[in-house]
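Structural overview for review
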Amino acid sequence: MSWPGHGRWGGIPAGSVPDPAGGGCAEEHRCDTEGHPRFFNQLFSGLDHHALAGRFLTETLNTSPYTYEVAPVLVLMEEQVLAKLRELVGWSSGDGIFAPGIPDPSRGVSLSPLCPWQPVRAALGVKRRSLSWAGGSMSNMLAMNVARFRRFPESRSRGNWDLPRLGLFASQESHYSILKGAALLGIGTDNVHLVRTDERGKMIPEELEKEIQRVKAEGSEPLFVCATSGTTVLGAFDPLDAIADVCARHGLWLHVDAAWGGSALLSPRLRHLLAGIHRADSVTWNPHKLLMAGLQCSAFLLRDSSGLLQRCHGVGASYLFQRDKFYDVSLDTGDKSPQCGRRADGLKLWILWKAVGTRGLAQRVERAFGASRYLLEQVKRREGFQLVMEPEFINLCFWFIPPSLRGQENSPQFWEKLGKVAPAIKEKMIRRGSMMVGYQPQGSHVNFFRQIITNPAVTRQDLDFFLDEIQELGWDL
C-alpha cells in the first residue's frame, strides 16, 4: 500500500526528526508539546503555518467580530466560511457562528510536570490553568439551548419553572459536554439518558426508540437527541439516517456532534461515514482538530434560516446593535452568541482554506487516515500488540501485552494485570520525553492505548518508532 510522499505524510522527510541516542527527543524537542510529530495524545496536534499566520493576524488586529463596523472583513470571512461548512453538511441555507471562547492565559504552556517550561510558568505567576469557555463543548451546549428555545420560547424569559421535565438523549460513547450542558442549562444531568451502543461504539437506533418511549411513559418530555460522528475514544460514527428517522417520528431536535469526524465530509472517500448528516437540525464541527486550524476553532451550524439563533440569544444592547445604522445590520452577528467579545476564529480557517483549497484539506484528512492504516498493519504484524477492535476512522485502540503476560489470557488475574500496563508505559515515556499517547479504560475493557494521527509531519519512521518505544518500555513489565 502506498501513501502520498513515498513513506511520509506531507511533512518532514524521514530522518529529519531529532532522534538523539537513546531513542528519545532532545530536551528542546520534548514530545509533550502538541506540535511534535510524536505527540499522539489528543485529537489535535501539529502546526499549519497558514493557520498560524491567521492566528498572528487575529492577535494583532485585537478586535471582535460582533459588529460589522469594528470588524467588517472578519465578519464577511466568518460568514463565508460558515456557509461553506454548511454546504459540506448538505444545506443550501442556514445559520451558524463560531463558538465563543475566552483565551486561557496559560495556553501553550505544557502541562507536563517534568517540562522545562515550569520556571516560566512560575515567573508568569501561572499557578493553575484557568478555564476556557469555548470549543465543541460550547457548540453542543448552544445546540441544547436553541433546541429548548424552539420548543419552549418562553423558557428564555421564564426559565425552566414552567417547563415539563425534559429528556435529552445521547449515546454511552457521547462527549461529556452533553452532561455538562444539561447541568449548566438547568435541565439536570439526571435527565440525560445515555443510549446503549453496539460492540463498535455506535448508538443503536432501536435502543433510542425504547429510551424515548420509556421517558414518555415516566411523564417527561423528550426534546433533544445528540448523535456522534467520531466518538472521542473509539472513533465511532452513529447511524445518522436511522437516528433521524426516530427523531422525525417523535418530533425531536437532532444534533450531530461532528467535532472530531466532521472533517471527513471534505473527503470523497470518507464522507460516507456521515451519511444522513444533512437531516440534522444542528451540527458541531471543530476545524482545529483534524484540519489543524489551531485552537480554538469550533463551528456551530444550524439548518434553520429563520433567525432562530438570534431570537434565542439576542438581547439587542443599544450601544452595540443599533437598528438605524447606515449598513445592513444583519451583518452585526454578535447577538447570536451568548458571549459579547469574541475572537475572530474564522480568519485562520479562511486563510488556511484559501491557501490549500478544499482538495488540500481533503488530502490532509485522507493522509491521516492512510497513516493510521499503515500503523494498523504494523500492529497486526507485531507480537504482543492486540487490537481492541478494527478502527473505523483514525482512532487506533490496542493493548500491549508484555512477555510476562503472554499465554496467560485465561488466568483470572490477566485483565487486571494488563490494565496496569498502559499507565506504566506512559509514565516511562513521559519521563523519557520520547513521545506521548493517550490511554483509558472503556466499558468492560481495561486500560488500552488510543493512538491518534493528525499531524502531517508524522512519517513512517515516527510510527515505527512509536511501536518500538512501546515495546521497549513495556518489555520488562
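Our subject is the structure listed above.
What comes next concerns the included structure. (Residues numbered from 1 in each chain as written. Predicted model: local features only at pLDDT ≥ 70, side-chain atom pairs only at ≥ 80, totals over all residues. Heavy atoms only, no water.)

Before going further, it helps to examine the packing of aromatic side chains. Within the structure shown, the criterion is met by 11 aromatic pairs. An angle of 80 degrees between the planes, with centres 5.0 Å apart, marks the rings of Phe-414 and Trp-415 as edge-to-face. Grouped by ring-pair contacts, the aromatic residues Phe-385, Phe-398, Phe-400, Phe-449 and Phe-466 constitute a single cluster. (Phe/Tyr/Trp six-rings, centres within 6.5 Å; stacked < 30°, edge-to-face > 60°.)

What follows deals with the sheet that holds strand E2 (residues 95-98). Read across the sheet, 7 strands follow the order E2-E8-E7-E6-E5-E3-E4 without closing on themselves; strand pairing throughout is mixed. Bordering the open sheet on either side are E2 and strand E4 (192-195), each of which pairs with just one other strand. Strand-to-strand twist across the sheet, computed as the mean angle between neighbouring axes with direction ignored, equals 20 degrees. Across 4 bridges, the pairing between strand E3 (residues 166-171) and E4 is parallel. Across the sheet, the residue bridging to Ala-170 is Leu-194, located in E4. Strands E3, E4 and strand E5 (221-228) of the sheet are contacted by helix H6 (residues 177-184), whose axis makes an angle of about 165 degrees with E4. Along the sheet, helix H7 (residues 205-217) makes contact with E3, E4 and E5, crossing E4 at roughly 150 degrees. (Pairing = 2+ DSSP bridges. Helix = DSSP H or I, 4+ residues; strand = E, 2+ residues; numbered from the N terminus. Axes fitted to C-alpha atoms, helices over the stretch in contact; angles between N-to-C directions. Contact = heavy atoms within 4.5 Å.)

For the pair helix H2 (residues 72-89) and helix H10 (residues 345-381), the least separation of the axes is 9 Å and the interaxial angle reads 60 degrees. With respect to each other, H2 and H10 are oriented oblique. For the pair H2 and H10, the crossing hand works out as left-handed. Contacts from Leu-74, Met-77, Gln-80, Val-81, Lys-84, Leu-85 and Leu-88 of H2 reach H10 at Gly-346, Leu-347, Leu-349, Trp-350, Trp-353 and Thr-358. (Parallel < 35°, antiparallel > 145°, perpendicular 65-115°, else oblique. Left-handed = near helix turned anticlockwise from the far one by under 90°.)

What follows covers the sheet that holds strand E10 (residues 396-400). In spatial order, the strands read E1-E11-E12-E10-E9; together these 5 strands make up an open sheet with mixed pairing. Edge strands, defined here as strands with exactly one partner in the open sheet, are strand E1 (39-40) and strand E9 (385-387). In the packing of H10 onto the sheet, contacts are made with E9, E10 and strand E12 (445-451), and the angle to E10 comes to roughly 25 degrees. Where helix H13 (residues 460-474) meets the sheet, its contacts fall on E1, E9, E10, strand E11 (436-442) and E12, and the angle it forms with E10 comes to roughly 30 degrees.

A few words on the environment of Phe-237. Structurally, Phe-237 can be placed in the loop between E5 and helix H8 (240-250). Each C-alpha atom, one on Phe-237 and one on Gly-201, is 8.0 Å from the other, the two residues being 36 residues apart in sequence. Those residues in contact with Phe-237 that lie beyond four places of it in its chain are Lys-202, Thr-228, Ser-229, Gly-230, Gly-261, Leu-273, Leu-274, Glu-392 and Phe-393.

Moving on to the nonpolar core. Of all hydrophobic cores here, the largest spans 55 residues; its most connected members are Leu-208, Ile-277, Val-283, Leu-301, Leu-349 and Phe-393. Of all the elements in the fold, those that place two or more residues in this core are H2, H7, E5, H8, strand E6 (253-257), strand E7 (282-285), strand E8 (299-302) and H10. Looking at which element gives the most residues to this core, the answer is H10, with 8 residues. Sequence-distant contacts of Ile-277, that is, excluding residues within four places in its chain, are made with Val-89, Trp-91, Leu-240, Val-256, Ala-258, Leu-265 and Val-283. Grouped together as the second largest cluster of nonpolar side chains are 37 residues, Leu-376, Val-388, Phe-414 and Phe-449 included. (Core = buried A, V, L, I, M, F, W, Y, C linked by side-chain atoms within 4.5 Å. Buried < 20%, exposed > 50% of the residue type's maximum accessible area, 1.4 Å probe, protein only.)

Right, let's get into the pattern of salt bridges. If you walk through the whole model with that rule in mind, you get 29 salt bridges. Put simply, Lys-325 and Glu-69 hold a salt bridge, and the shortest N to O gap is 3.3 Å. Linking Lys-325 in the loop between helix H9 (308-313) and H10 with Glu-69 in the loop between helix H1 (49-61) and H2, this pair joins segments that are 256 residues apart in sequence. On the accessibility criterion, Lys-325 (14% relative accessible area) is buried. Residue Glu-69 is classed as partly exposed on the basis of its relative accessible area of 46%. The residue Asp-468 makes a salt bridge to Arg-382 at a minimum N-O spacing of 2.6 Å. (Salt bridge = Lys/Arg side-chain N within 4 Å of Asp/Glu carboxyl O.)

Our next topic: the pairing of E5. In terms of residue burial, E5 counts as a mostly covered element, since 7 of its 8 residues are buried. Judged from the 5 bridges that link them, E3 and E5 form a sheet pairing that is parallel. The partner of Ala-170 across the bridge, within E5, is Cys-226. Pairing of E5 with E6 involves 5 bridges; the strand directions are parallel.

Running from N to C, H10 and H13 cross one another at 35 degrees; their axes reach a closest spacing of 10 Å. Viewed along their axes, H10 and H13 form a crossing whose handedness is right-handed. Contacts between H10 and H13 involve Ala-371, Tyr-374, Leu-375, Gln-378 and Val-379 from the former and Arg-460, Leu-463, Asp-464, Phe-466 and Leu-467 from the latter. Among the residues forming the contact of H10 with H13, the class breakdown is 7 nonpolar, 1 polar and 2 charged. (Nonpolar A, V, L, I, M, F, W, Y, C, P; charged D, E, K, R; others polar.)

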